[in-house]
Amino acid sequence: MSEKLQKVLANAGVGSRREMEKWIDSGRISVNGKVATLGDRVEPVDQLRVDGNLITSAAKSTMCRVLMYNKPEGELCSRKDPQGRPTVFDRLPKIQNGRWIAVGRLDINTSGLLLFTNDGELANRLMHPKHEIEREYAVRVFGEVEDDMIKRLKKGVELEDGVSKFTEIRKRPGDDESLNSWYNVSLSEGKNREVRRLWESQGLQVSRLIRVRYGTLNLQNRLPQGGWIELPLTDLNTLRKSVQLDLEQESLVEDKQTKLDHVRLSRMRRSVQKHKVNQGRAKPRPKKK
């Protein structure tokens, strides 16, 4: 049975479906030695090449994997940066077939939950607006937040790329005298800087922004910034079920392997600190004499 070329490539972990469409359009993909075009469909026996490199049958049937990463501020959601700044891909584990695909993006000044998968179809569905996957953020707002502002933000605000709104706004306990207030907000779209732009539309400034949930997954409280864990089969299939994908039968990790005990946390923090030193973002501590 034939399938769309970009879907097959995405399932093989080459990249997201949208990214594959761009690659096809730019002539980087070939099928059986012929340069592919948008709209092509392929069979399992067809030979697919990306930049002349063969996509093997093993890559086409790769086991689905998902990582949960706690992104620090200051990292870019791109594979490489011309200026040499750190990216979210720098510390991810090596993968045998395919590559890690970021599920959505967080801007350089936003921290928190970022998912990675080697399954392009899963990534595409989690990001596609039609699936309405809810994202939740903890946001610190500078300025006086009035009730009318909250009503407008929940009803809908006209931004330069269309109407946007929060599906839920919940104030967190704090000092009522302070000009900074913490809120938890939810929305079901992934427009560029959407959370910040919504608050800015009311004359308010976002001073901190942390993503704490993506769909059914909450950011693990003990996961340090710069650290990652791989999802076990239960969490993986809960995520797949939320976007109507078939369930996986196996995973590389078990539920108990995601528990962040003291030993694992210490090892993870040391690894993150070592990476910071290597990146030149932190100075190594002087040795004791």
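Residue indices follow the written sequence of each chain, beginning from 1 at its first position. Per-residue local features are limited, in this predicted model, to residues with pLDDT of at least 70; the limit for side-chain atom pairs, both in listing and counting, is 80 or more; totals at the level of whole chains, interfaces and linings are taken over all residues. Side-chain metrics in this entry use all non-hydrogen atoms of the structure; hydrogen atoms and water are not considered.

As a reminder, the rule being used: UniProt positions are given in the numbering used here, feature names are shortened, and annotations may be inferred rather than shown by experiment.
The name given to the protein chain in an unreviewed UniProt entry is Pseudouridine synthase, with the source organism recorded as Paraglaciecola agarilytica NO2. Turning to the protein chain, the UniProt record has this under Function (unreviewed entry): "Responsible for synthesis of pseudouridine from uracil-2605 in 23S ribosomal RNA." Listed under Sequence similarities (unreviewed entry) in UniProt, the entry text for the protein chain is "Belongs to the pseudouridine synthase RsuA family."

Quick look at the overall build of the protein chain
Keep this limit in mind: Here a strand is any run of E in DSSP of at least two residues, a helix any run of H or I of at least four, and the numbering for each starts at the N terminus. To get the radius of gyration, use the C-alpha atoms; to get the globule rule, take the number of residues to the power 0.38 and multiply by 2.2 Å. Each residue is placed in one exposure class: buried if its accessible area under a 1.4 Å probe, protein chains only, is under 20% of its type's maximum, exposed if it is over 50%, and partly exposed if it falls in between. Contact between two residues is taken to exist if any of their heavy atoms lie within 4.5 Å; hydrogens are not considered. Only the protein chains shown count as covering a residue, and every accessible area follows the Shrake-Rupley method with a 1.4 Å probe. Only four residue types enter the tally: Lys and Arg on the positive side, Asp and Glu on the negative side, with His and both chain ends excluded. The atoms used to mark charge sites are NZ of Lys, CZ of Arg, CG of Asp and CD of Glu.
Of the regular secondary structure elements, the protein chain holds eight helices and 17 strands. Its C-alpha atoms give the protein chain a radius of gyration of 21 Å, near enough to 19 Å, the size a compact globule of 289 residues would have. Counting all 289 residues of the protein chain, 45% fall into the buried class. Sequence separation of 24 or more characterises 65% of the internal contacts of the protein chain that already satisfy a separation of 6 or more. For the protein chain, the accessible surface area stands at approximately 16400 Å², while carbon and sulfur atoms represent 46% of it. For the protein chain, the distance from the average position of its 55 positive side-chain charges to the average position of its 40 negative side-chain charges is 7 Å.

Things to note about the nonpolar core
One broad trend across soluble globular proteins is that nonpolar side chains are buried collectively. For clarity, the threshold we go by: As used in this record, nonpolar core signifies buried Ala, Val, Leu, Ile, Met, Phe, Trp, Tyr and Cys residues forming a set joined through side-chain atoms within 4.5 Å.
Ranked by internal contacts, the top residues of the largest apolar core, which has 32 residues, are Phe116, Val139, Phe166, Tyr183, Val185, Val195 and Trp199. Within the residue set of this core, elements represented by two or more residues are strand E7 (66-71), strand E9 (111-117), strand E10 (135-142), helix H5 (147-155), strand E11 (157-159), strand E14 (180-187), helix H6 (194-200) and strand E15 (205-214). Apart from residues no more than four positions distant in its own chain, Val185 is found in contact with Arg135, Glu136, Tyr137, Val139, Phe166, Glu168, Ile169, Val195 and Trp199. Judged by nonpolar contacts, the second largest core, of 24 residues, contains Ala123, Leu126, Leu236 and Leu245.

Digging into helix H7 (residues 233-241)
Cut-off, in case you're wondering: As used here, the arc is the angular range of directions from the helix axis to the C-beta atoms.
What H7 keeps buried is the set Leu236, Asn237, Leu239 and Arg240. Projection of H7 onto a plane perpendicular to its axis shows the buried side chains occupying an angular sector of 155°, all on one side. Here the buried face of H7 lies against E7, E9, helix H4 (120-127) and strand E16 (217-218).

Examining the sheet that holds strand E2 (residues 29-31)
The line we're drawing: Only strands joined by at least two bridges in the DSSP assignment are considered to pair.
Reading across the sheet, the four strands line up as E3-E2-E5-E6 and stay open at both edges, with antiparallel pairing between neighbours. Each of the sheet's edge strands pairs with one partner strand only, and the pair in question is strand E3 (34-35) and strand E6 (53-55). Relative to strand E5 (residues 48-50), E2 runs antiparallel, the two sharing three bridges. Bridge assignment links Ile29 to a residue of E5, and that residue is Val50.

A short note on helix H8 (residues 262-279)
Note the cut-off: A helix's residues, less one, multiplied by 1.5 Å, set its expected span.
The end-to-end C-alpha distance of H8, which contains 18 residues, comes to 26 Å, matching closely the 26 Å that a straight helix rising 1.5 Å per residue would cover. Every buried residue of H8 is accounted for by Leu265, Met268, Val272 and His275. Each buried residue of H8 lies within a common arc of 90° when the element is viewed along its axis, so the set occupies one face. Structural note: H8 exposes His262, Val263, Arg270, Lys274 and Asn278 on the side pointing more than 90 degrees away from its buried face. In this structure, the buried side of H8 is in contact with strand E17 (228-230).

A word on the environment of Val141
By the element assignment, Val141 lies in strand E10. Exposure remark for Val141: the relative accessible area of 0% places this residue in the buried category. In this view, Val141 contacts Leu179, Asn180, Ser181, Tyr183, Trp199, Leu204 and Gln205; residues no more than four positions away in its chain are not counted.

Notes on the pattern of salt bridges
Short version of the rule: Every case where a carboxyl oxygen of Asp or Glu lies within 4 Å of a side-chain nitrogen of Lys or Arg is listed as a salt bridge.
Overall, the coordinates contain 18 salt bridges when judged by the stated rule. Between Glu230 and Arg65 there is a salt bridge; the shortest N-O distance is 2.8 Å. Residue Glu230 is located in strand E17, and its partner Arg65 is located in the loop between helix H3 (57-60) and E7; the two are separated by 165 residues in the primary sequence. For Glu230, a relative accessible area of 7% puts it in the buried group. Note that Glu73 and Arg208 form a salt bridge whose closest N and O atoms lie 3.3 Å from each other. Placement of the pair is Glu73 in the loop between E7 and strand E8 (101-103) and Arg208 in strand E15, with a sequence separation of 135 residues. You can call Arg208 partly exposed: its relative accessible area is 27%. It is possible to trace a salt-bridge network through shared partners that takes in Glu134, Glu136, Glu168, Arg170 and Arg213.

Regarding the pairing of E7
Most of E7 sits out of view: six of its six residues are buried. Here E7 shows two buried faces, one formed by Val66, Met68 and Asn70 and the other by Leu67, Tyr69 and Lys71. Sheet topology places E7 next to E9; six bridges connect them, and they run antiparallel. Following the sheet pairing, Lys71 is matched in E9 by Gly112.

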